[in-house]
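Structure at a glance
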Amino acid sequence: MRYRETKATQRLPINLYETTNGKGTGTVYYRYKHPTTKKFHGMGSDKALAVAAAKTLNDKLIGATSLVDSVLHPSTSVASLCDAYLAFKKNITGKKAIKKATVDEIRGAHKKIKTYFDGWSCRQLTTLAISQFLDDIYDPEDNEGKARERDKTLKVFKATIEYGLQKGELETNAASPCLHIGKEPQVQRHTPEGWKQIRNAAEPWMKKAMDLCIITTQRRGDICSMEKDNIKDGILYVVQKKTQKYNHAYLAIKITPELREVLDRPIGQGRVNIISPFIIHRKPIKGLTQKEAAGQHFSQIDKDYLTKEFKRLRDDVVGAYNDLPLLHRPGFHQGRALAIHEHEKQGCLPQQLAGHSTLKQTENYAARHEDIKWKEVSLDGFSLQKFMG
């Protein structure tokens, strides 16, 4: 799939793009670029339907940004609304006066909100955008992050938007439908035996993904995104998407003989080998047209499919952890905790490898590739063979 800039493309609604399938058939497809996540979504080959859908999506996701709407519905920025709400709360006196701890809690939540929604107007806020912001604090699907911090931030966000609603800046509270976590499910950790049992029943591509998880301690999304071009001069370069705003997310992993074996291991057993830019890949059984329309390589494995297939193996094929309630059974993501534990058990220090750090530096996020300060990490002392027994 390749992007094609034409006069027709320039006349399309904002965020809608025209593409071809690269096969010389002349078929034109349309893709919509989400203004927040920047991900492309296939819109098919019918131009009229694609244009109509793009306009509707722009109205919902971008909000009132046209010159006419800016006159009819003027709106302050999200940052200004946060400041106004905090000032209002601090000026309350008497029995309803808030304590310093509450002021600090509001100010802390506002700091996150203002950073994420920098440059946004109040009317651009949507439930989807707010939910994605909250998922960065705690992702309920991965059970990663701080659920309590997410709920506290959501509480402040709701109250702030409610204040804006009462002042006439907004007509609805987009934060109200957002998911409140409460007490998150206690997902159990993997046991080495359970992990090995699932691995032994897996297809070659899944085995390769599981081995990469144990050796490199990387997240499922980062494993699925690893490309062969990321390997240069005996180094595997990884940019951790979840924390790429910080310097410690840019890893240069020295390739050991064990890691080299996993990276070079063919995964076309029992089927025709396919050419793919991705280290973890497979020939799809279905959904090829949708992937092409969305601009994805046909062999790319989505992190959600990886999780779904792992759970299928765990529950339907192997039956591992059947003694646990379904919501408490560990998934692929919990393999990362197992990997970190195993590295520590073998005397290694996995902190830099896992991308864990308290330093909040952002130079790498905005830097060009050649200017990135890659964090060199070593796998010396770790043995996958020792873990597998």
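Structure first, text after, so check above.
Residues numbered from 1 in each chain as written. Predicted model: local features only at pLDDT ≥ 70, side-chain atom pairs only at ≥ 80, totals over all residues. Heavy atoms only, no water.

1. Let's talk about the overall build of the chain
Counting its secondary structure elements, the chain contains 17 helices and 10 strands. Out of the 389 residues in the chain, the part that is buried amounts to 42%. Taking contacts inside the chain between residues at least 6 apart in sequence as the whole, the part at least 24 apart equals 61%. Of the roughly 21700 Å² of accessible surface on the chain, a fraction of 51% belongs to carbon and sulfur atoms. (Helix = DSSP H or I, 4+ residues; strand = E, 2+ residues; numbered from the N terminus. Buried < 20%, exposed > 50% of the residue type's maximum accessible area, 1.4 Å probe, protein only. Contact = heavy atoms within 4.5 Å. Areas by Shrake-Rupley, 256 points an atom, 1.4 Å probe, with all protein chains shown as cover.)

2. Focus on the packing of aromatic side chains
Following the criterion strictly, the structure yields 15 aromatic pairs and no others. Note on Trp195 and Phe310: the rings are 5.7 Å apart at their centroids and 40° apart in plane angle, and the pair reads as tilted. With Trp195 in helix H8 (residues 192-200) and Phe310 in helix H13 (residues 303-318), the pair connects residues that are 115 residues apart, well separated along the chain. Overall, the relative accessible area of 0% leaves Trp195 in the buried class. Aromatic side chains Tyr237 and Trp374 sit 4.9 Å apart centroid to centroid with 65° between the ring planes, which places their arrangement in the edge-to-face category. (Phe/Tyr/Trp six-rings, centres within 6.5 Å; stacked < 30°, edge-to-face > 60°.)

3. Some remarks on the sheet that holds strand S7 (residues 231-232)
As summarised here, the arrangement of the 4 strands in space is S7-S8-S9-S10, forming an open sheet in which the pairing is mixed. Each edge of the open sheet carries a strand with a single partner, namely S7 and strand S10 (375-377). Inspection of the sheet shows strand S8 (residues 235-239) paired to strand S9 (residues 250-254) by 5 bridges, in the antiparallel sense. Bridged to Val238 within S9 is Leu251. (Pairing = 2+ DSSP bridges.)

4. Some details on the packing of helix H9 (residues 204-216) against helix H11 (residues 257-264)
Packed helix pairs are specified by the crossing angle of their axes together with the interaxial distance, meaning the distance between the axes. Running from N to C, H9 and H11 cross one another at 155°; their axes reach a closest spacing of 10 Å. One element, H9, and the other, H11, form an angle in the roughly antiparallel class. Regarding H9 and H11, the two cross each other, and that crossing is left-handed. Of H11, the residues touching H9 (which contributes Lys208, Asp211, Leu212, Ile215 and Thr216) are Glu258, Leu259, Val262, Leu263 and Asp264. A per-class count over the contact of H9 with H11 returns 5 nonpolar, 1 polar and 4 charged. (Axes fitted to C-alpha atoms, helices over the stretch in contact; angles between N-to-C directions. Parallel < 35°, antiparallel > 145°, perpendicular 65-115°, else oblique. Left-handed = near helix turned anticlockwise from the far one by under 90°. Nonpolar A, V, L, I, M, F, W, Y, C, P; charged D, E, K, R; others polar.)

5. As for the nonpolar core
Grouped burial of nonpolar side chains is what soluble globular proteins tend to show. Residues Trp195, Met206, Leu212, Ile253 and Phe332 are the most contacted members of the largest nonpolar core, which totals 41 residues. Considering each element in turn, this core owes the most residues, 8 residues, to H9. With near-sequence residues (within four places) excluded, Met206 lies in contact with Leu306, Glu309, Phe310, Leu313 and Phe332. Counting residues in each nonpolar core, the second largest holds 27 residues, with Val78, Leu134, Phe157 and Ala175 among its members. (Core = buried A, V, L, I, M, F, W, Y, C linked by side-chain atoms within 4.5 Å.)

6. Let's talk about unusual backbone geometry
Phi at Thr217 takes a positive value of approximately 60°, unusual for a residue other than glycine. Among the secondary structure elements, Thr217 is positioned in the loop between H9 and helix H10 (220-225). One non-glycine residue, Tyr321, adopts positive backbone phi at about 65°. Inspection of the secondary structure assignment puts Tyr321 in the loop between H13 and helix H14 (335-345). With a relative accessible area of 10%, Tyr321 lands in the buried category.

7. Overview of the pattern of salt bridges
Under the definition given, this model contains 14 salt bridges. For Lys114, the salt bridge goes to Asp83, with nearest N and O atoms at 2.9 Å. Within this pair, whereas Lys114 is found in helix H5 (residues 100-116), its partner Asp83 is found in helix H4 (residues 78-90), the two being separated by 31 residues in sequence. The salt bridge partner of Arg150 is Asp135, with a shortest N-O separation of 2.7 Å. Of this pair, Arg150 sits in helix H7 (residues 147-166) while Asp135 sits in helix H6 (residues 127-137), and the two are 15 residues apart along the sequence. (Salt bridge = Lys/Arg side-chain N within 4 Å of Asp/Glu carboxyl O.)

8. A short note on the pairing of S9
Successive side chains on a regular strand alternate, one facing one side of the sheet and the next facing the other. In terms of burial, S9 is largely enclosed, as 4 of its 5 residues are buried. Sheet analysis places S9 next to S10, joined by 3 bridges and oriented parallel. Paired with Ala252 across the strands is Glu376, a residue of S10.

9. Let's talk about the side chain of Glu169
Turning to its location among the elements, Glu169 is positioned in the loop between H7 and H8. In this structure, Glu169 is buried with no salt-bridge partner, the nearest side chain bearing the opposite charge being Arg123 at 5.9 Å. Within the structure, Glu169 has its side chain in polar contact with the backbone nitrogen of Thr76 (distance 3.4 Å). (Lys, Arg positive; Asp, Glu negative; His and termini not counted. Polar contact = N/O pair within 3.5 Å; in protein donor to acceptor, adjacent residues only side chain to side chain.)

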